[in-house]
Amino acid sequence: MRISIIIILLLSAAVLKAQHVNPAEQLKKLGIELPAPSKPVANYVKWVRTGNLIFLSGHGPCNFDGIPKGQLGDELTVEQGYTAARQAGICLIATLNDAVDGDLTKVVRIVRVFGLVSSTDEFYDHPKVMNGCSDLMVEVFGDKGKHVRAAVGTNVLPFNIPVEIEMVVEVKD
Amino acid sequence: MRISIIIILLLSAAVLKAQHVNPAEQLKKLGIELPAPSKPVANYVKWVRTGNLIFLSGHGPCNFDGIPKGQLGDELTVEQGYTAARQAGICLIATLNDAVDGDLTKVVRIVRVFGLVSSTDEFYDHPKVMNGCSDLMVEVFGDKGKHVRAAVGTNVLPFNIPVEIEMVVEVKD
Amino acid sequence: MRISIIIILLLSAAVLKAQHVNPAEQLKKLGIELPAPSKPVANYVKWVRTGNLIFLSGHGPCNFDGIPKGQLGDELTVEQGYTAARQAGICLIATLNDAVDGDLTKVVRIVRVFGLVSSTDEFYDHPKVMNGCSDLMVEVFGDKGKHVRAAVGTNVLPFNIPVEIEMVVEVKD
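Quick caveat, the model's predicted, so the values are computed rather than measured.

What counts as what
Residues numbered from 1 in each chain as written. Chains lettered and ligands numbered in written order. Predicted model: local features only at pLDDT ≥ 70, side-chain atom pairs only at ≥ 80, totals over all residues. Heavy atoms only, no water. Helix = DSSP H or I, 4+ residues; strand = E, 2+ residues; numbered from the N terminus. Areas by Shrake-Rupley, 256 points an atom, 1.4 Å probe, with all protein chains shown as cover. Contact = heavy atoms within 4.5 Å. Buried area = accessible area lost by both parts, 1.4 Å probe. Salt bridge = Lys/Arg side-chain N within 4 Å of Asp/Glu carboxyl O. 1 Å grid on protein atoms, 1.4 Å probe; cavity = no way out; pocket = protein on both sides within 12 Å on 5 of 7 lines; lining within 4 Å. Points joined across faces, edges and corners; volume = space filled by probe spheres on them. Nonpolar A, V, L, I, M, F, W, Y, C, P; charged D, E, K, R; others polar.

Undergrad: Looking at this structure, how should I read the overall build of chain A?
TA: Summing up its helical and strand segments, chain A has four helices and five strands in all. Carbon and sulfur atoms provide 55% of the accessible area of chain A, an area that totals close to 7,600 Å².

Undergrad: Sorry, what's going on with the interface of chain C and chain B here?
TA: Size of an interface, as often reported, equals the accessible area lost when the parts are brought together. Each side of the interface is counted separately: chain C has 26 residues, and chain B has 27 residues. Each partner contributes to the roughly 2,100 Å² buried at the junction of chain C and chain B, and carbon and sulfur atoms together form 60% of this total. Along the contact surface separating chain C from chain B lie one salt bridge. The partner of C:Glu166 in a salt bridge is B:Arg112, and the shortest N-O contact between them spans 2.7 Å.

Undergrad: When you look at empty space enclosed by the protein in this model, what are you seeing that I'm missing?
TA: Unoccupied space between atoms shows up once a probe the size of one water molecule is rolled over them. Taken as a whole and judged by the stated rule, the model has one cavity of 30 Å³ or more. Surrounding the largest cavity, A:Phe55, A:Arg112, A:Val168, B:Phe55, B:Arg112, B:Val168, C:Phe55, C:Arg112 and C:Val168 form its lining. Here the residues of the lining of the largest cavity sort into six nonpolar, no polar and three charged.

Undergrad: Before we go on, may I ask you to explain unusual backbone geometry in this structure?
TA: The phi angle of most residues is negative, glycine excepted, and most peptide bonds adopt the trans form. Residues and elements named next belong to chain A. If you check the backbone angles, Asp101 has positive phi at about 50° while not being a glycine. Counting through the fold element by element, Asp101 comes out in the loop between α3 (78-99) and β3 (107-118). With phi around 65°, Asn160 is a residue other than glycine that occupies positive phi space. With respect to the helices and strands, the residue Asn160 is situated in the loop between β4 (148-154) and β5 (163-171).

Undergrad: How should I be thinking about the environment of B:Gly70 in this particular structure?
TA: Its location among the elements puts B:Gly70 in the loop between β2 (53-59) and α3 (78-99). Beyond its immediate sequence surroundings of up to four residues, B:Gly70 is in contact with B:Glu75, B:Leu76, B:Ser118, B:Asn160, B:Ile161 and B:Pro162.

Okay, structure coming up:
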């Protein structure tokens, strides 16, 4: 009996903690410094707000040295793919931070994450790669970071990057 | 003259019928039992509601025995692809049913269906495959099931499944 | 000092011009005649409005003679891909025009453009291809045409078309 009460209290504390996550503080704890949001090189923009939704352009890993290029299942391991997806996620948060004028507490919910993973025909572990982005979103935004997701394959991405990720985010008025 | 009146009456009846479709009854008539909504295996969820929109994760065929794996144009026929897309559609409806607390009459409109079909470079009939999902939505939701769609190819999908489908749905307050 | 004032005035004029673009007039200036919106051949539709958002189906180049088929990096040059993306964009505007009852001034913002480019594993210039659509949107809608974008590769598209493009648009009440 007493043990179940303790478990409930611990779970409640976990839930409350998740709900009161401060994204900027979480980034600090994780040792993540947001890069300057990258500029698009053509007639498009990195984010558009419509109503309470912010749509973000497809992002690959940005401003990071040593991100390898190529296909999963060929040049790249799952671990390298996971790291690339996490770094694309950091670039998405940098753009999102720009969209909310530097106040990430305005984020109500990471709604949708759509990730394309460059891979050979015999590579089937796209979800393990995209966990790099999904894990980051929950580390930074807590329960608000839990999103719907598609993690799919493709034979090739621009500039031979291993992952490209789109996102939709709900924000406060 | 009389024939055209009869035709108009028949068409009106068809339209009225389409508008008053009860999705749960339609599922019964079609002999479809919704599977328990599958659980995600990572830091994402199967659906997120924002305003009146429900975004659903990418779904493949779930909980079905005998769904073959592989590429269209190689191991799989268009008929097998159509069946796989229909079964992914059933899984999407199971998740949607969970999102609307079991009351599918809350669905105002199936808005967007985005389907990726694993295929060889020489396979061009992705729309015929995705009809498996589109036909199901209209059978179950009537005119409310008519959606915008993209049916595209890819070289490979997670776990070597033949189709993966995302959906956006408008629901009542 | 005087020069900077002149520059500011010129920039302001450019901004004002961009804000007051009339899409129908721009189409005329560009010599673009919108084709009749193409009909879907299955249980889906070309556009759905939900709230102030219009979702458009995946469009390829429509009603155009001489659009070549195949993959970028193999049969097709970047220039041919750019032209195909521009013509898919014209088809998207034709559908959008239908959705707003022929009054394109109702467009508040081209929100999202998602473009798949059929290509070999060694082709990395998908953004240059998708510029064909992005440039068109800004030529026709001015600043309202600036969208978020993903420009990605795939091994094959329906009917062997070189590009397929989805769009989300915000419109007035």
